[in-house]
Amino acid sequence: MDARFSIAATGSLSFGAGVFDDLASHLAKLGYHTVALVASKTFLQGSRCSAFLQQCKDCEVSVLTYPVSGEPSVGSIDELSHSCLSDGCDVVVGVGGGSALDSAKAVAVMAKYLARTTERISVKRFLEGVGDLTPPPGRLPLFAVPTTAGTGSEATKNAVIAQVGPNGFKKSLRHDSYIPDLVVVDPSLAITVPQTVTAASALDALTQLLEAYVSVKSNTFIDSLALEAIALVGNALPKLLEGNLDDLDARSDMAYAAYISGVAIANAGLGYVHGFAGPIGGLHSIPHGVICGNLIVPIHKAMVLAAKEHGQDSSFLQKLTKIAALWHVDGPEGVIEHMAQMVRLAKLPPLRDYGFTKEELVAIGSKDASRNSPVKLTQEQTISLLEALL
Ligand SMILES: [Fe+2]
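Calculation notes
Residues numbered from 1 in each chain as written. Predicted model: local features only at pLDDT ≥ 70, side-chain atom pairs only at ≥ 80, totals over all residues. Heavy atoms only, no water. Buried < 20%, exposed > 50% of the residue type's maximum accessible area, 1.4 Å probe, protein only. Helix = DSSP H or I, 4+ residues; strand = E, 2+ residues; numbered from the N terminus. Pairing = 2+ DSSP bridges. Expected span 1.5 Å × (residues − 1). Polar contact = N/O pair within 3.5 Å; in protein donor to acceptor, adjacent residues only side chain to side chain. Right-handed = clockwise from strand over helix to strand, strands pointing away. Core = buried A, V, L, I, M, F, W, Y, C linked by side-chain atoms within 4.5 Å. Domains from an automatic or database assignment. Contact = heavy atoms within 4.5 Å. Donors = N, O, S within 2.8 Å, 3.2 Å for Na, K, Ca; no water. Tetrahedral: all angles 85-135°; square planar, octahedral: opposite > 155°, others 65-115°. Disulfide = S-S within 2.5 Å. Salt bridge = Lys/Arg side-chain N within 4 Å of Asp/Glu carboxyl O. Nonpolar A, V, L, I, M, F, W, Y, C, P; charged D, E, K, R; others polar.

Asker: Looking at this model, I keep getting lost on the pairing of strand β2 (residues 34-40). Mind explaining?
Answerer: In regular strands, side chains alternate between the two faces of the sheet. In terms of residue burial, β2 counts as a mostly covered element, since seven of its seven residues are buried. The pairing of β2 with strand β3 (residues 62-68) spans seven bridges and is parallel. Counterpart to A39 in the pairing with β3 is P67. When β2 meets strand β4 (residues 91-96), the two strands line up parallel, connected through five bridges. For V38, the partnering residue across the bridge sits in β4 and is G94.

Asker: Would you mind showing me how to read helix α8 (residues 248-268) here?
Answerer: Spacing of three or four residues puts side chains on the same side of an α-helix, whose turn is 3.6 residues. If you check α8, its first and last C-alpha atoms are 29 Å apart, about what 21 residues at 1.5 Å a residue would give, namely 30 Å. When you tally the buried positions in α8, you get 17 out of 21 residues, the bulk of the element. Capping the start of α8 is the job of one residue whose side-chain oxygen sits 3.1 Å from the backbone nitrogen of D249: D247.

Asker: What is the right way to read the pairing of strand β5 (residues 142-146) from this model?
Answerer: In terms of residue burial, β5 counts as a mostly covered element, since five of its five residues are buried. Burial of the side chains of β5 extends over both faces: L142, A144 and P146 are buried on one face and F143 and V145 on the other. Strand direction decides the pairing type here: β4 and β5, joined by five bridges, are parallel. Looking at β5, one finds that G94 is bridged to A144. Taken together, β4, helix α5 (residues 98-114) and β5 constitute a β-α-β crossover, and its handedness is right-handed. Note that β5 and strand β8 (residues 182-185) share two bridges and pair parallel. What sits directly across from F143, in β8, is L182.

Asker: Please explain the nonpolar core as it appears in this structure.
Answerer: For soluble globular proteins, the rule of thumb is that nonpolar side chains tend to be buried together. One finds L206, F276, I280, L295, F316, I323 and M339 to be the most contacted residues of the largest nonpolar core, which totals 81 residues. Looking at which element gives the most residues to this core, the answer is helix α10 (residues 288-309), with twelve residues. The residues that make up this core include at least three from each of domain 1 (12-190) and domain 2 (195-387). Each residue touching L206, except ones within four places of it in the same chain, is listed here: I230, V233, I296, W327, M339 and M342.

Asker: I tried to follow the coordination of the iron ion on my own but got confused; where do I start?
Answerer: Six octahedral donors around a metal ideally subtend angles of 90 or 180 degrees, whereas four tetrahedral donors ideally subtend 109.5 degrees. The coordination sphere of the iron ion, as far as protein atoms go, consists of D204 (OD), Q208 (OE1), H274 (NE2) and H288 (NE2), spread over 2.1 to 2.2 Å. Bound by four donor atoms, the iron ion shows angles of 88 to 159° at the metal and therefore irregular coordination geometry. Of the residues examined, D204 reaches a relative accessible area of 2% and is grouped as buried. For Q208, a relative accessible area of 4% corresponds to the buried category.

Asker: Is there a simple way to explain the state of the cysteines in this structure?
Answerer: Linking two cysteines covalently through their sulfur atoms gives a disulfide. Throughout the structure, instances matching the rule amount to zero disulfides. Note on C49: no disulfide assigned, nearest cysteine sulfur contributed by C56 at a separation of 9.1 Å. For C49, a relative accessible area of 1% puts it in the buried group. The thiol of C56 is not disulfide-bonded; the next cysteine sulfur, from C59, is found 6.7 Å away.

Asker: Would you take a moment to explain the domain arrangement of the protein chain for this structure?
Answerer: Many structure descriptions define interface size as the accessible area lost when the parts assemble. Partitioning the protein chain into structural domains gives domain 1 (12-190) and domain 2 (195-387). Using C-alpha coordinates to define each centre, domain 1 is positioned 26 Å away from domain 2. The interface formed by domain 1 and domain 2 holds zero salt bridges in total. Linking domain 1 with domain 2 are four residue pairs in polar contact (both at pLDDT 80 or more). Those elements that provide at least two residues to the side of domain 1 that touches domain 2 are β1 (12-15), β7 (169-174) and β8. Split by residue class, the side of domain 1 that touches domain 2 holds twelve nonpolar, nine polar and four charged.

Have a look at this one:
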């Protein structure tokens, strides 16, 4: 047992097929009058959104819709935050994938902050590594409804915001108070999510679970949650990607695993894959899950080889052996091969399809992206791993 550890609180959770249908009456019972619905365009165009809008109307709750397309940028967050403020919204509801939920989180923070100042301050000034101001504590009330089973943003205390281009970045707006108040995980919302989004989102969730589980910052509490969720992914994801996208049990397992991935990274941090995903995603417009799916196997294969060179008794190898038992495969190598099989089923585009060059990847690979990884790779290894992605 760990000598000591602490766990950041998560918001309330409502889980199960159909729970989204209770949200409108819940908002009314809590006394909210004007909802900022920050949601993916796909959700806003669907029948579940129409039903939600009608339910809110029946409960005399107004809803203003703020469509999100693409990953959140400094410009999109500044624009949505000013709209939310001028529209007088008293609660933010985020519905969609990680982009919608991160946008909702950032809008809830910035709309509250901008109400207290006459200056037009950009969210960029609060971002880790690029901003000059401390993120403000507090935000508007925030409810998160994930639909894609991916980033786990519904359970984390940060929103990742990008500025894409030669001097681009992907940085977090982060504070302990940004974890959503209520998470509504309704796996039936994911039934219509297409194969490409399902695959990329799931590989992000799996990467997050694995990196948090083996992290040097993990602890007994997170280990037990993450290991069970990893077991679920190993069974459910192949089912979905083999053509059973309407399998509600598999969707439920993935929705639960994605939520736990958010809880896990909020408490145990991340490793190499996400260390590289930040600069890669800041350089060209590429879905975060596609980066994770391209990196998860080569990075962890190299980590297994490096750990074995230093002896068989590392906690990293022991943890992979526990995963192997739950996935019914043979040891750490079996885990790598099962992940490779899931990545093959995902049919992800390679990085070259997004315009990356060898020089760009060599520059990224030469930086230390180890974060909380239990195994350190050499600079030569990381550069050659990234070059091989082209
Ligand atoms: Fe991620």
